[in-house]
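# Topology and contacts: notes
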Amino acid sequence: WSVAAYNLQFKAWFDTAATQADILLAISQATARDIVRYGQLNQLPIATPTVVPMGTGFSEAASPPRRADLPAPGSYVLFGSSIETRKNQLLAFRAWQVLLE
């Protein structure tokens, strides 16, 4: 889903950055496993990532007051993303349609 030259540039950057990092953060267990597997396959000394799920923040925050004009919790989905084919917004939309049905 990207220009081949970008893939090579990213690989070179990642291989350098990941092997020099003391700590790596991953957004999920699956991503952490992928990073570990990538290091093993490419014989790179990469630290085991620490998983920090997206949206967890760094501290507890007070919940803001709920506005009366908002939809009920659980009745909508927020899909934050850039508009790119690789994000597969159409699949997410279709999955939401199936859930609604």
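Residues numbered from 1 in each chain as written. Predicted model: local features only at pLDDT ≥ 70, side-chain atom pairs only at ≥ 80, totals over all residues. Heavy atoms only, no water.

## Looking at the overall build of the protein chain
Operational definition: Strands are runs of DSSP state E lasting at least two residues, helices are runs of H or I lasting at least four, and both sets are numbered from the N terminus onward. For each residue, the accessible area found with a 1.4 Å probe, counting protein chains only, is set against the maximum for its type, and the residue is called buried under 20%, exposed over 50%, and partly exposed in between. Residue contacts are counted whenever heavy atoms from the two residues lie within 4.5 Å of one another. Surface accessibility in these figures is a Shrake-Rupley result with a 1.4 Å probe; residues are shielded only by whichever protein chains are displayed. Charge counting treats Lys and Arg as positive and Asp and Glu as negative, with His and both chain ends excluded. Throughout, a charge is located at the NZ atom of Lys, the CZ atom of Arg, the CG atom of Asp or the CD atom of Glu.
Assigned secondary structure in the protein chain consists of three helices and two strands. Walking the protein chain from its N terminus toward its C terminus, one meets helices and strands in the order α-β-α-β-α. Summarising its shape, the C-alpha atoms of the protein chain cover approximately 55 × 35 × 20 Å along the three principal directions. Residue burial in the protein chain is summarised as follows: out of 101 residues, 10% are buried. Relative to all contacts within the protein chain whose residues are 6 or more apart in sequence, the contacts with residues 24 or more apart total 45%. Accessible surface, the protein chain: about 8,900 Å² in total, of which carbon and sulfur atoms supply 61%. Taking the 8 positively charged and 7 negatively charged side chains of the protein chain as two groups, their mean positions are separated by 5 Å.

## What to know about the confidence of the model for the protein chain
Counted only if it meets this: A residue's pLDDT is simply how confident the predictor is in it, with values from 0 to 100.
Residues with a pLDDT of 70 or more make up 93% of the protein chain, whose mean pLDDT is 86. Averaged over each element, pLDDT in the protein chain is lowest for helix H3 (residues 89–100) (88) and highest for helix H2 (residues 29–41) (95).

## With respect to the packing of aromatic side chains
For clarity, the threshold we go by: Geometry of aromatic contacts follows a simple scheme: Phe, Tyr and Trp rings, the Trp one being its six-membered ring, pair when their centres are within 6.5 Å, and the pair is stacked under 30 degrees between planes, edge-to-face over 60, tilted otherwise.
Tallying each qualifying case throughout the model produces four aromatic pairs. Ring plane angle 40° and centroid distance 5.4 Å describe the contact between Phe-10 and Trp-13, whose orientation is recorded as tilted. Note that Phe-10 and Trp-13 are positioned in helix H1 (residues 4–20) at a spacing of three residues, about one turn of the helix. Consider the rings of Phe-10 and Phe-14, whose centres lie 6.1 Å apart with planes at 20°: the pair is stacked. Taken together, the positions of Phe-10 and Phe-14, both in helix H1 and four residues apart, correspond to about one turn of that helix. Overall, Phe-14 belongs to the buried group, its relative accessible area being 18%. Members of the aromatic cluster, connected to one another through ring pairs, are Phe-10, Trp-13, Phe-14 and Tyr-38.

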